[in-house]
Amino acid sequence: MTTDEGSRLGEEAARRLARLGRVDLLPGLSDAEFARVEEEFGFEFGDDHRAFLAAGLPMGRPSPAHRRQPWPNWRDGDPDELRETLARPVDGVLFDVEYNSFWSPRWGARPDAPAEALEVARAELATVPRMVPVASHRYLPAGRGTYGHPVLSMSQSDVIYYGTDLADYIDREFNGPLPWDDASQPRATVPFWRDLVN
């Protein structure tokens with residue numbers, strides 16, 4: 001079950017992607033497939049993300065820069081690859097804690113011992129909202145009953161907006177960078193991850 005506005009937004013994103021004709025769209029995920037994925041991987045899709053994937057499951061070829069196909073194959077993709085992609089936002093921040101001196105002010109004073117700092121960061125990151133891949137390193141937050149969040153491009157602790165919402169993301173991903181105006185400027189919505197947005 002999704003909200004009407006979440007469904008509308010996800011379906012609009014799917015229509016925009018289909019109109020481009022640059023991505024193969026397989027039949028959308030069924031309710032049973034959503035239930036299996038959410039049970040197996042321990043999250044729920046946001047309403048717009050769910051409606052997007054119900055309208056059609058995007059598939060594409062890997063680019064020369066990426067060894068994997070950019071769209072997660074929630075139907076029959078490699079479970080280990082899907083887990084790795086789901087873990088990438090947290091793992092990237094942990095990498096920056098360990099090797100690049102990253103530390104969130106919300107975590108208090110950074111311990112002097114690197115192993116202890118990593119342990120504290122890992123415990124703190126276990127409490128942050130789960131991010132779900134849309135394509136490649138573009139993510140939306142998990143959460144049934146939610147929709148309209150900005151799509152975030154996430155690479156370690158370097159996080160930027162890549163769309164005000166899922167439909168806007170499709171336009172920006174495939175039509176090149178578009179300037180943000182005052183009316184379209186995204187607003188950070190997800191606790192912790194919004195603190196990292198440049």
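Residues numbered from 1 in each chain as written. Predicted model: local features only at pLDDT ≥ 70, side-chain atom pairs only at ≥ 80, totals over all residues. Heavy atoms only, no water.

Per the secondary structure count, the protein includes seven helices and six strands. Going from N to C terminus, the protein has its helices and strands arranged as α-β-α-α-β-α-α-β-β-β-β-α-α. A globule of 198 residues ought to have a C-alpha radius of gyration of about 16 Å, and the protein, at 17 Å, matches this closely. Based on the C-alpha atoms only, the size of the protein along its principal axes is roughly 55 × 40 × 35 Å. A sequence separation of at least 24 residues applies to 60% of the contacts in the protein between residues at least 6 apart. For the protein, the accessible surface area stands at approximately 10,300 Å², while carbon and sulfur atoms represent 50% of it. (Helix = DSSP H or I, 4+ residues; strand = E, 2+ residues; numbered from the N terminus. Rg over C-alpha atoms; globule rule 2.2 N^0.38 Å. Contact = heavy atoms within 4.5 Å. Areas by Shrake-Rupley, 256 points an atom, 1.4 Å probe, with all protein chains shown as cover.)

Here we come to the pairing of strand 4 (residues 138-141). By the alternation rule, side chains of strand 4 split into Arg138 and Leu140 and Tyr139 and Pro141, which are all buried. Here strand 3 (residues 131-135) runs beside strand 4; their pairing, made up of four bridges, is antiparallel. What sits directly across from Ala135, in strand 4, is Arg138. Between strand 3 and strand 4, which pair antiparallel and follow one another directly, the connecting turn spans two residues, one of which, Ser136, has a positive phi of 50°. Across two bridges, strand 4 lies against strand 5 (residues 151-155) in antiparallel orientation. (Buried < 20%, exposed > 50% of the residue type's maximum accessible area, 1.4 Å probe, protein only. Pairing = 2+ DSSP bridges.)

On to the confidence of the model for the protein, then. Note that predicted coordinates carrying low pLDDT should not be read in detail. Considering every residue of the protein, the mean pLDDT works out to 92; 92% of them sit at 70 or more. This stretch, residues 62-66, has a pLDDT under 50; its non-local contacts, to residues over four places away or in other chains, come to five contacts. (pLDDT = per-residue confidence, 0-100.)

As a further point, take unusual backbone geometry. Of note, Gln156 is a non-glycine position whose phi angle comes to about 55°, a positive value. Structurally, the position occupied by Gln156 is in the loop between strand 5 and strand 6 (158-163). One non-glycine residue with positive phi stands out, namely Phe192, at about 70°. The exposure class of Phe192 is buried, given its relative accessible area of 7%.

In this section: helix 6 (residues 166-175). Burial within helix 6 is extensive, with seven of its 10 residues counted as buried. Among all positions in helix 6, only Leu166, Ala167, Asp168, Tyr169, Ile170, Arg172 and Phe174 are buried. Close packing links the buried residues of helix 6 with helix 1 (4-20), helix 3 (47-55), strand 3, strand 4, strand 5 and strand 6. Among the residues trailing helix 6, Gly176 stands out with phi positive, at a value near 85°.

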